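Analysis of the macromolecular model
The chain contents come next:
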Amino acid sequence: MRDLEHLFKQNREWAESISQAQPGFFSQLSEQQAPEYLWIGCADSRVPANEIVGLLPGELFVHRNVANLVIHTDFNCLSVIEYAVSVLKVRHIIVCGHYGCGGVRTAFGGNRLGLIDNWLRHIRDLQERHRSELDAIADEEQRIDRLCELNVIAGVRHVSQTTMVESAWREGRGLVVHGWIYSLKDGLIRDLKVDVANQAAADALQGITN
Ligand code: CO
């Protein structure tokens, strides 16, 4: 426990600095949360969701996993999406990948690590579907970065195909799914411009990324 004492100290300092800047912040926030955004990102420690978009506690609903995958049968991710869409009624779902993703790199290289190989198999499937495009890129790092982008676009497509998101659109609710990618090298986010705001756009994206 003594090894982690600095984390408790930093936590007290963090809570105090927020309370000083905004008295009553935590007691108000404890009553309810009303975030406008759901963030689906990589578990990588270098991509901390709230920090890189400058949002405070209460402003961003977050789901993170290795390589920011959105899989049709992952009930963890699906439950987060359902809660965000049906209960919190977020207006934006952001799938944010990052260049140099270790999960994508491992999948790309076909390295064997264990259980996680099965999780990363989804990226290898994507790699095979886009083999001709990827093979045309001479530099290997650029090829991996393109696969990181394709993985985000696939994530956007999969979010758009969930029953929860389709239902929200059928009800005429304003809900937009976005695909972004973050660079570890400069701390900046790029918009992949694959926004999906309705069923027609979701159907169009399906054709592009299959
Ligand atoms: Co990653």
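Note that this is a predicted model, so its numbers are computed, not measured.

Looking now at the pattern of salt bridges. Opposite charge on two side chains makes pairing possible when the charged atoms of those side chains draw close. One pass over the structure, following the stated rule, counts nine salt bridges. Of the charged contacts, one joins Glu13 and Lys9 as a salt bridge, the two residues approaching to 3.0 Å between their closest N and O atoms. Here Lys9 and Glu13 lie together in helix α1 (residues 5-21), a separation of four residues that amounts to about one turn. The class of Lys9 is partly exposed, set by a relative accessible area of 46%.

Glancing now at the sheet that holds strand β4 (residues 176-182). Read across the sheet, five strands follow the order β2-β1-β3-β4-β5 without closing on themselves; strand pairing throughout is mixed. In the strand order of this sheet, the two ends are held by β2 (60-65) and β5 (189-191), each with one partner. Each neighbouring strand pair of the sheet contributes to a mean axis angle of 25 degrees, computed without reference to strand direction. Alignment of strand β1 (residues 37-42) against β2, held across six bridges, turns out to be parallel.

Mapped onto the elements, Asn151 comes out in helix α8 (residues 140-160). According to the relative accessible area criterion, Asn151 is buried, its value standing at 5%. Within the local environment of Asn151, its side chain forms a polar contact with the backbone oxygen of Ala67, the two atoms lying 2.9 Å apart. Ignoring anything within four residues of it in the chain, the contact list for Asn151 reads Ala67, Asn68, Leu69, Val104, Ile123 and Leu126.

Coordination sphere of the cobalt ion, protein contribution only: Cys42 (SG), His98 (NE2) and Cys101 (SG), at 2.0 to 2.3 Å. The motif formed by the donor residues of the cobalt ion, counted along the single chain, is C-x55-H-x2-C. In this structure His98 comes out as buried when scored by relative accessible area, which is 1%.

As a further point, take the packing of helix α5 (residues 102-109) against α8. The interhelical angle for the contact between α5 and α8, taken along N-to-C directions, is 115 degrees, at an axis separation of 10 Å. In terms of orientation, α5 lies roughly perpendicular with respect to α8. Classified by chirality, the crossing of α8 by α5 is right-handed. For the pair formed by α5 and α8, the contact residues are Val104, Arg105 and Phe108 on the first element and Glu140, Glu141, Arg143, Ile144, Leu147, Cys148 and Asn151 on the second. Residues that form the contact of α5 with α8 fall into these classes: five nonpolar, one polar and four charged.

With seven of seven residues buried, β4 is to be regarded as a mostly interior element. One ladder, built from seven bridges, connects strand β3 (residues 92-98) with β4; its direction is parallel. Bridge pairing in β4 links His92 to Val176. Bridge count for β4 against β5 is three bridges, and the pairing is antiparallel. Looking at the pairing, Tyr182 lines up with Ile189 of β5. Here β4 folds back onto β5 in antiparallel fashion, the turn holding six residues, of which Gly187 has a positive phi close to 75 degrees.

Conventions and cut-offs
- Residues numbered from 1 in each chain as written.
- Predicted model: local features only at pLDDT ≥ 70, side-chain atom pairs only at ≥ 80, totals over all residues.
- Heavy atoms only, no water.
- Salt bridge = Lys/Arg side-chain N within 4 Å of Asp/Glu carboxyl O.
- Helix = DSSP H or I, 4+ residues; strand = E, 2+ residues; numbered from the N terminus.
- Buried < 20%, exposed > 50% of the residue type's maximum accessible area, 1.4 Å probe, protein only.
- Pairing = 2+ DSSP bridges.
- Axes fitted to C-alpha atoms, helices over the stretch in contact; angles between N-to-C directions.
- Polar contact = N/O pair within 3.5 Å; in protein donor to acceptor, adjacent residues only side chain to side chain.
- Contact = heavy atoms within 4.5 Å.
- Donors = N, O, S within 2.8 Å, 3.2 Å for Na, K, Ca; no water.
- Parallel < 35°, antiparallel > 145°, perpendicular 65-115°, else oblique.
- Left-handed = near helix turned anticlockwise from the far one by under 90°.
- Nonpolar A, V, L, I, M, F, W, Y, C, P; charged D, E, K, R; others polar.

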